[in-house]
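A look at the structure
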Amino acid sequence: MEKQLTDIGAAADIDPGKFTTVTVGGRGYIVARVEDRFYAVEDNCSHEDYPLSYGCLDGAYIKCSLHGSWFSLESGEPQEPPADEPIATFRVLERDGRLLLDTSQPA
Ligand code: FES
């Protein structure tokens with residue numbers, strides 16, 4: 001599948017330990033920075049339709065604020081119940097200080 005790269009802003013605009021949300025093609029994504037690495041996941045919990053962006057980060061994990069499941073930003077896998085399905089993860093490339101989100105397929 002061909003890459004679909006979307007410029008989502010400057011890398012410097014996301015501080016380490018923080019995330020932002022972007023909408024591309026009508027779909028919401030979380031783009032998080034952990035130290036100097038960027039991650040992107042769908043902004044939707046796999047347990048119920050609920051925005052993960054209402055939650056918080058701890059390292060490379062994000063917590064759903066509705067029922068408390070944590071998800072790996074790396075793999076999308078839930079770390080504890082009640083969620084038992086992974087969330088979709090996506091590639092983020094950094095080029096010349098810009099972040100490019102690859103929405104063509106989950107990473
Ligand atoms: S909606 Fe996220 S853990 Fe239930």
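Everything quoted here is computed from the prediction, not taken from an experiment.

**Concerning the overall build of the protein**
Along its length, the protein carries zero helices and nine strands. Structurally, the protein occupies a C-alpha span of about 40 × 30 × 20 Å along its principal axes. Taken over 107 residues, the protein has a buried fraction of 41%. Relative to all contacts within the protein whose residues are 6 or more apart in sequence, the contacts with residues 24 or more apart total 39%. Within the protein, the 19 negative side-chain charges are centred at a point lying 6 Å from the centre of the 9 positive side-chain charges.

**Comments concerning the sheet that holds strand β1 (residues 5-10)**
On the basis of which strands lie adjacent, the open sheet formed by six strands has the order β1-β9-β8-β4-β3-β2 and antiparallel pairing. Looking at strand neighbours, the two that pair on one side only are β1 and β2 (19-24), the edges of this open sheet. Mean inter-strand twist for the sheet, computed between neighbouring axes without regard to direction, equals 30°.

**Digging into the UniProt feature "domain: Rieske" (unreviewed entry) in the protein**
Here, UniProt's "domain: Rieske" (unreviewed entry) annotation points to residues 6-101. This span, residues 6-101, is 0% helix and 47% strand, and a straight line between its end C-alpha atoms measures 5 Å.

**Regarding the pattern of salt bridges**
Per the stated rule, a full pass over the model turns up five salt bridges. With a closest N to O distance of 3.6 Å, Glu-42 and Arg-27 form a salt bridge. Here the residue Glu-42 occupies a position in strand β4 (residues 37-42), and Arg-27 occupies one in strand β3 (residues 27-34), the gap between them amounting to 15 residues.

**What to know about the sheet that holds strand β6 (residues 61-63)**
Read from one edge to the other, the open sheet built from three strands follows the order β5-β6-β7, with strand pairing classed as antiparallel. Looking at strand neighbours, the two that pair on one side only are β5 (56-58) and β7 (70-72), the edges of this open sheet. Strand-to-strand twist of the sheet, defined as the mean angle between neighbouring strand axes without regard to direction, takes the value 30°. Examined bridge by bridge, β5 and β6 share three bridges and lie antiparallel to one another. Bridge pairing in β6 places Leu-57 opposite Ile-62.

**A few points about the packing of aromatic side chains**
On inspection of all chains with the given rule, the structure shows two aromatic pairs. Plain terms: the ring middles of Tyr-29 and Phe-90 are 5.1 Å apart, the flat faces sit at 85° to each other, and that makes the pair edge-to-face. Note that Tyr-29 is positioned in strand β3 and Phe-90 in strand β8 (residues 89-95), a separation of 61 residues in sequence. Accessibility classification places Tyr-29 together with Phe-90 in one group, the buried group. Centre to centre, the rings of Tyr-50 and Tyr-54 are 5.4 Å apart; their planes meet at 85°, and the pair counts as edge-to-face.

What counts, and where the lines are drawn
- Residues numbered from 1 in each chain as written.
- Predicted model: local features only at pLDDT ≥ 70, side-chain atom pairs only at ≥ 80, totals over all residues.
- Heavy atoms only, no water.
- Helix = DSSP H or I, 4+ residues; strand = E, 2+ residues; numbered from the N terminus.
- Buried < 20%, exposed > 50% of the residue type's maximum accessible area, 1.4 Å probe, protein only.
- Contact = heavy atoms within 4.5 Å.
- Lys, Arg positive; Asp, Glu negative; His and termini not counted.
- Charge placed at Lys NZ, Arg CZ, Asp CG, Glu CD.
- Pairing = 2+ DSSP bridges.
- Axes fitted to C-alpha atoms, helices over the stretch in contact; angles between N-to-C directions.
- UniProt positions renumbered as here; feature names shortened; annotations may be inferred.
- Salt bridge = Lys/Arg side-chain N within 4 Å of Asp/Glu carboxyl O.
- Phe/Tyr/Trp six-rings, centres within 6.5 Å; stacked < 30°, edge-to-face > 60°.

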